[in-house]
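Residue strings, one per chain:
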Amino acid sequence: MKNHLHIVVNRVWKTAAMAVLLMNGTARAQVYGTGGHTVTMQVSVITSVRVTVGSVNLNISSANVVAGQNQMSVTDQSTSLLWGTNSSLRKVSVSTSLAAPKFTLKLLALNPTVGNAAPQVTLSTSAQDLLLNIGRSSGSCTLLYTGIALASQGTGNDVHVITFTVAAQ
Amino acid sequence: MRSFAIFVILCSAGSLTQLRAQISVQGGNPLMSVTTGTAGAQPVSVTNAATSLRWRKQNVITKITVSTSCPGQRFTLTVLATNLTYGVAAPQVTLFNGMPATNFVLNIPTGNPVHKTCTLQYTASATFAQGNSAELGNDVHAITYTLVAQ
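The structure displayed is predicted, hence computed values, not measured ones.

Right, let's talk about the overall build of chain A for a bit. Of the regular secondary structure elements, chain A holds one helix and 10 strands. Counting from the amino terminus, helix and strand elements in chain A follow one another as α-β-β-β-β-β-β-β-β-β-β. The proportion of buried residues among the 169 residues of chain A is 32%. Considering only contacts within chain A whose residues lie at least 6 apart along the sequence, 79% involve residues at least 24 apart.

So, on to the environment of G137 of chain B. All names here are of chain B. Position of G137 among the secondary structure elements: in the loop between α2 (133-136) and β10 (139-149). As a C-alpha pair, G137 and M99 span 38 residues in sequence and 21 Å in three-dimensional space. Aside from chain neighbours lying at most four places away, what touches G137 is F75 and N132.

So, on to the confidence of the model for chain A. Residues and elements named next belong to chain A. Per-residue confidence for chain A gives a mean pLDDT of 86; residues scoring 70 or more make up 83%. Counting contacts from residues 1-10, a segment whose pLDDT is below 50, to residues more than four positions away or on other chains yields zero contacts. Scored below 50 in pLDDT, residues 12-29 shows 13 contacts in the model against residues more than four places distant or in partner chains.

This part covers the confidence of the model for chain B. Considering every residue of chain B, the mean pLDDT works out to 90; 87% of them sit at 70 or more. This complex was scored by the predictor with a pTM of 0.80 and an ipTM of 0.88.

Another aspect to go through is the nonpolar core. In terms of nonpolar packing, the biggest core is built from 32 residues, with L53, I64, L95, F104, Y122 and Y145 of chain B touching the most fellow members. Residues within four places of I64 of chain B in sequence aside, it is in contact with I23, L53, W55, T102, N103, F104, V105, I108, Y145, T146 and L147 of chain B. Core analysis: the second largest hydrophobic core is formed by 17 residues, A109, L143, F164 and V166 of chain A among them.

With that settled, consider the packing of aromatic side chains. Residues and elements named next belong to chain B. Throughout the structure, instances matching the rule amount to one aromatic pair over all chains. On the numbers, 5.2 Å between centres and 50° between planes, the contact of F104 with Y145 is tilted. In this pair, F104 is assigned in strand β8 (residues 102-108) and Y145 in strand β10, connecting sequence segments 41 residues apart. Judged by its relative accessible area of 1%, F104 falls in the buried class. Taking NZ or CZ as reference, K116 lies 5.4 Å from the ring centre of Y86, over its face.

Here we take up the sheet that holds β10 of chain B. The sheet built from six strands is open, its strands ordered β2(B)-β1(A)-β10(B)-β4(B)-β8(B)-β6(B) with mixed pairing. With one partner strand each, in any of the chains shown, β2 (31-34) and β6 (88-89) of chain B form the two edges of the open sheet. Sheet topology note: the strand β1 (residues 31-43) of chain A/β10 of chain B ladder contains 10 bridges and is antiparallel. Directly across from M41 of chain A, in β10 of chain B, lies its bridge partner D139 of chain B.

Turning to its location among the elements, D139 of chain B is positioned in strand β10. For the buried residue D139 of chain B, which engages in no salt bridge, the nearest side chain bearing the opposite charge is R74 of chain B, 6.1 Å off. Engagement of the side chain of D139 of chain B in a polar contact is seen with the backbone nitrogen of R74 of chain B, the distance being 2.9 Å. Residue contacts for D139 of chain B: discarding those within four places in its chain leaves V39, T40 and M41 of chain A together with C70, G72, Q73, R74 and F75 of chain B.

Conventions and cut-offs
- Residues numbered from 1 in each chain as written.
- Chains lettered and ligands numbered in written order.
- Predicted model: local features only at pLDDT ≥ 70, side-chain atom pairs only at ≥ 80, totals over all residues.
- Heavy atoms only, no water.
- Helix = DSSP H or I, 4+ residues; strand = E, 2+ residues; numbered from the N terminus.
- Buried < 20%, exposed > 50% of the residue type's maximum accessible area, 1.4 Å probe, protein only.
- Contact = heavy atoms within 4.5 Å.
- pLDDT = per-residue confidence, 0-100.
- Core = buried A, V, L, I, M, F, W, Y, C linked by side-chain atoms within 4.5 Å.
- Phe/Tyr/Trp six-rings, centres within 6.5 Å; stacked < 30°, edge-to-face > 60°.
- Lys NZ or Arg CZ within 6 Å of the ring centre and 35° of its normal.
- Pairing = 2+ DSSP bridges.
- Lys, Arg positive; Asp, Glu negative; His and termini not counted.
- Salt bridge = Lys/Arg side-chain N within 4 Å of Asp/Glu carboxyl O.
- Polar contact = N/O pair within 3.5 Å; in protein donor to acceptor, adjacent residues only side chain to side chain.

Below, the structure is given as structure tokens:
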């Protein structure tokens, strides 16, 4: 009886050992090893804004005169504004360097690809809203400038350096 | 029965040690920062090739797969095997949280040298619409490379 038990235990031991060896062999045939590391990705606050081409010239001449009217105007939409911002709740504001212009210069953002155009603004040295709700976007709009002069204001030149700023809304 | 249990433990421990030794990443844990962007376009992507993968030859043709765990992932990270002298690099892999193990290096031959390497070329990119880390936090990828029979 004791001998019989010994034989049974011995068979169980051998069978189990073979099973472990086979399983181990199978694992080696599939996966030989793993390795790894951690990669951290950081994105800074990025804001970029630019105008497509350089200077805009608005020239009011006799061609813009309407007989009997004091006000003359001319428009230009040859330039575009482009921006990119990855911050939420952002707008674009605009201001001019010219503190005391002789004539009136107005600006409107046309067809913004993202956000909402503010109503037409008369440019001044104080920043005014041009585009709203542009947060976390890359987009563009056409810049529609309108120069207005009164016949009674006579002749002259106004030179504006215009600044566009992406700011918190 | 006690000796059988010891035998199983030794087998398992041996296997684990062997698994760890067969493939490893050299060069630490990179930090990649996207810091600039272009108006009307997108932030400029950055590339890091400061780390490498080193693995032992096997008796069968093998391949290496890659996967990552990055809960709450916001941005885009890809990896490509470069400077590979043995085997064939798979196309660039886009790493995303919970992805299945994806082919990274294929057809690794059985011959010498014992240790083979490749450079890990990571590219980090983001769109303006994806936001920034100050508001959303960093992406932290726990990336795993696995050497398997092909």
